[in-house]
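These are the residues of each chain, in order.
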Amino acid sequence: MKTTLATLVSALALGACTSMPMGSTYSQDTLPENIRVPAGHMVAWETVGSGDITYECRDKANTPGQTEWVFVGPKAVLKDRSGRAVGSYYGPPATWEASDGSRLTGTQLAVAPAGAGNLPYQLVKANPAMGQGALSGVTHIQRVALQGGVAPASECSAGTRGKRETVAYQADYIFWKAR
């Protein structure tokens, strides 16, 4: 009985780490060409990230006397399609971490506009995952289905330099592996 119960608990825990079956058919047809994952890949994991992005009012690079809102970093919960928390996204550096402890960082390959008031679509080349789990073997991450997250509309001037503000956002993060 103990072995059967332990096996059942282990199977349920493993199932909780994924929100979409391996190799599902996520369509990239409506996405801009430059953020599509190359042929020969399949969806490994699909999440919805919701949280905040922090911006700071800083001097504009190479433009003396001007200021701008600068992206500082994200802090979001990753959930499966049923709303269950399955990981987190934070930075810098931008890091995706599954509840099973596997995590990865990546290098941005491309962005494309995703509509006024929304962060851009994004394609990231994943670095090798640290730890074993849901993120093992992931080669690319797409950020799609964006809502919000752009720099604040509030004043950023010499008088507000150093001020930080957070803005809410939501995005789908699609994780891909080579077939």
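Please refer to the structure placed before this passage.
To keep things clear, this report deals only with the structure shown in the data block. (Residues numbered from 1 in each chain as written. Predicted model: local features only at pLDDT ≥ 70, side-chain atom pairs only at ≥ 80, totals over all residues. Heavy atoms only, no water.)

1. Details of the sheet that holds strand β5 (residues 103-112)
To keep things clear, this is the line we draw: When DSSP finds at least two bridges between two strands, those strands are taken to pair. Segments assigned H or I by DSSP are reported as helices when at least four residues long, segments assigned E as strands when at least two residues long, and all are numbered from the N terminus. Geometry is summarised by axes, namely lines fitted to C-alpha atoms with helices restricted to the contacting stretch, and by angles between N-to-C directions that run from 0 to 180 degrees.
As summarised here, the arrangement of the 8 strands in space is β1-β2-β3-β4-β5-β6-β7-β8, forming a closed barrel in which the pairing is antiparallel. Along the sheet, successive strands turn relative to each other by an average axial angle of 30°, direction set aside. Relative to β5, strand β4 (residues 95-98) runs antiparallel, the two being bridged by 3 bridges. Following the sheet pairing, T95 is matched in β5 by T105.

2. Quick look at the side chain of T105
Convention followed: In protein, a polar contact requires one atom able to donate a hydrogen and another able to accept it; more generally it is a pair of N or O atoms within 3.5 Å, and residues adjacent in sequence count only if both atoms are side-chain atoms. We call two residues contacting when some pair of their heavy atoms lies within 4.5 Å.
By the secondary structure assignment, T105 is in strand β5. Of the polar contacts made by the side chain of T105, one reaches the side chain of N127; its length is 2.8 Å. Other than its neighbours up to four places away in sequence, T105 contacts P93, A94, T95, W96, A126 and N127.

3. Regarding the environment of G137
Its location among the elements puts G137 in the loop between β6 (121-126) and β7 (138-148). Each C-alpha atom of the pair G137 and K177 lies 5.9 Å from the other, and the pair is 40 residues apart in sequence. Excluding residues that lie within four positions of it along the chain, G137 makes contacts with W176 and K177.

4. Observations regarding the environment of A126
What counts, and what does not: Note on exposure labels: buried denotes an accessible area under 20% of the residue type's maximum, exposed denotes more than 50%, and partly exposed covers the range between, all computed with a 1.4 Å probe on protein chains only.
If you trace the backbone, A126 turns up in strand β6. Classification of A126 by relative accessible area gives buried; the value is 10%. For the pair A126 and G106, spaced 20 residues apart in the sequence, the C-alpha separation amounts to 4.2 Å. If near-sequence neighbours (up to four positions away) are discounted, A126 is found in contact with L104, T105, G106, V138, T139, H140 and I141.

5. Re the nonpolar core
Going by this rule: Throughout this description, the term nonpolar core refers to a set of buried Ala, Val, Leu, Ile, Met, Phe, Trp, Tyr and Cys residues connected via side-chain atoms within 4.5 Å.
Core analysis: the largest hydrophobic core is formed by 38 residues, its most contacted members being W96, I141 and Y173. Contributing elements (two or more residues each) for this core: β1 (41-59), β2 (67-79), β3 (85-90), β4, β5, β6, β7 and β8 (164-178). The element that contributes the greatest number of residues to this core is β8, accounting for 7 residues. Residues contacting I141, with those up to four places away along its chain left out, are W96, L104, Q122, L123, V124, A126, Y173, I174 and F175.

6. A few points about the pairing of β8
Of the pairings in the sheet, the one linking β1 to β8 comprises 15 bridges and is antiparallel in character. From the neighbouring strand, G49 faces β8, where its bridge partner is A171. Where β7 lies against β8, 8 bridges are found, and the strand directions are antiparallel. Bridge pairing in β8 places G148 opposite Y169.

7. Side note on the layout of surface pockets
Using the following cut-off: Two kinds of site are reported from a 1 Å grid over the protein atoms alone, namely cavities, where a 1.4 Å probe fits but cannot get out, and pockets, open sets with protein on both sides within 12 Å along at least five of seven lines, and residues are called lining when an atom falls within 4 Å of a point. Grid points are joined across faces, edges and corners, and a volume is the space filled by probe spheres set on the points. Under the convention adopted here, Pro, Cys and the residues Ala, Val, Leu, Ile, Met, Phe, Trp and Tyr are nonpolar, Asp, Glu, Lys and Arg are charged, and Gly plus all remaining residues are polar.
Taken as a whole, the largest pocket holds about 250 Å³ of empty space. In terms of lining, the largest pocket is formed by 18 residues, of which the most central are F71, Y89, A94, Q122 and R143. Within the residue set of the lining of the largest pocket, elements represented by two or more residues are β2, β5 and β6. When residues of the lining of the largest pocket are assigned to their parent elements, the largest contribution, 4 residues, is made by β5. Here the lining of the largest pocket is composed, by residue class, of 13 nonpolar, 4 polar and 1 charged.

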